[in-house]
Amino acid sequence: MTDVTLLHNPRCSTSRSALEKVESAGVEVDVVRYLTTPLDEEALRNLIGKLEDPVTDLVRRDANFASLGLSDEDIATADQVVQVLLEHPTLMQRPVLVRGDRAIIGRPKDRVDAFLAD
């Protein structure tokens, strides 16, 4: 049985750091490259149900977010977050770690250590 699922983008240094920390902790990890295999609606809703962070934090507010004409009003609810991430998986914050019925966004990097220690 996998101890942790890591929603991972190998191009992201914070995501790579999270993977290194999980592997160094000796925890069995299931790496999901969410850009290659985007989460479907059911998986996103399941993730949101476990997320300890505010649901709106699951969406990256970067240049791509702005170029799509999105604003905070477009991601104010869980339903809106699901819809935006279904249409634009690249906007999902990373890394995301899931263990049992808990999930966190692994930013800042020190959150990963605390999550693995619990």
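Thresholds applied
- Within each chain, residue numbers correspond to sequence positions counted from 1 in written order.
- This being a predicted model, a pLDDT of at least 70 is required before a residue's local features are given, and a value of 80 or more before pairs of side-chain atoms are given or counted; all residues contribute to the totals for chains, interfaces and linings.
- With hydrogens and water stripped out, all remaining heavy atoms of the structure feed into the side-chain values.
- Numbering of helices and strands runs from the N terminus; a helix is a DSSP stretch of H or I covering at least four residues, while a strand is a stretch of E covering at least two.
- The atom set for the radius of gyration is the C-alpha atoms, and the globule formula is 2.2 Å times the number of residues raised to the power 0.38.
- Burial classes: relative accessible area under 20% of the type maximum marks a residue as buried, over 50% as exposed, and values in between as partly exposed (1.4 Å probe, protein chains only).
- Residues count as neighbours in contact if any of their non-hydrogen atoms are within 4.5 Å of one another.
- Reported accessibility uses the Shrake-Rupley method at a 1.4 Å probe radius. Residues are deemed covered only where the shown protein chains occlude them.
- The convention is simple: Lys and Arg are positive, Asp and Glu are negative, and His and the chain ends are not counted.
- We put the charge of a Lys on NZ, of an Arg on CZ, of an Asp on CG and of a Glu on CD.
- Two strands qualify as a pair provided that DSSP identifies no fewer than 2 bridges between them.
- Axes here mean lines fitted to C-alpha atoms, for a helix over just the part in contact, with angles spanning 0 to 180 degrees between N-to-C directions.
- Small angles under 35 degrees read as roughly parallel and large ones over 145 as roughly antiparallel, with 65 to 115 read as roughly perpendicular and the rest as oblique.
- Here a crossing is taken to be left-handed if its near helix is turned anticlockwise relative to the far helix by less than a right angle, and right-handed if that turn runs clockwise.
- For this classification, Asp, Glu, Lys and Arg are treated as charged, while Ala, Val, Leu, Ile, Met, Phe, Trp, Tyr, Cys and Pro are nonpolar and the rest, including Gly, are polar.

## Observations regarding the overall build of the protein
Item 1. When helices and strands are tallied, the protein shows five helices and four strands.
Item 2. Seen in sequence order, the protein has helices and strands lined up from the N terminus as β-α-β-α-α-α-β-β-α.
Item 3. The C-alpha atoms of the protein give a radius of gyration of 14 Å, which matches the 13 Å a tight globule of 118 residues would have.
Item 4. For the C-alpha atoms alone, the extent of the protein along its principal axes is close to 40 × 25 × 25 Å.
Item 5. Across the 118 residues that make up the protein, the buried fraction comes to 40%.
Item 6. Sequence separation of 24 or more characterises 63% of the internal contacts of the protein that already satisfy a separation of 6 or more.
Item 7. Accessible area for the protein stands at about 6,300 Å²; split by element, carbon and sulfur atoms hold 47% of it.
Item 8. Within the protein, one finds 14 positive and 21 negative side-chain charges whose respective centroids are separated by 6 Å.

## A few points about the sheet that holds strand β2 (residues 29-33)
Item 1. Pairing in this open sheet of four strands is mixed, and the strands run β2-β1-β3-β4 from one edge to the other. Across the chains shown, the open sheet's two edge strands, defined by having one partner strand only, are β2 and β4 (102-105). Recorded for the sheet is a direction-independent mean angle of 20 degrees between the axes of neighbouring strands.
Item 2. As paired strands, strand β1 (residues 4-8) and strand β3 (residues 96-99) are joined by three bridges and run antiparallel to one another. Its bridge partner lying in β3, L6 is registered against L97.
Item 3. Running at roughly 160 degrees to β1, helix α1 (residues 13-24) makes contact with β1, β2 and β3 of the sheet.

## Side note on the environment of L58
Item 1. Within the secondary structure, L58 is located in the loop between α2 (41-50) and α3 (63-67).
Item 2. Residue L58 is classed as buried on the basis of its relative accessible area, which comes to 0%.
Item 3. In this structure, the C-alpha to C-alpha distance between L58 and L85, residues 27 residues apart in sequence, is 8.9 Å.

## So, the packing of α2 against helix α4 (residues 78-87)
Item 1. Here α2 crosses α4 at 135 degrees, and the two axes come no closer than 10 Å. Classed by the angle they form, the pair α2 and α4 counts as oblique. Pair α2 / α4 crosses with right-handed handedness. Counting all contacts with α2, which are made through E41, L44, R45 and I48, the residues of α4 involved are A78, D79, V81, V82, L85 and L86.
Item 2. Taken together, the residues of the contact of α2 with α4 break down into seven nonpolar, no polar and three charged.

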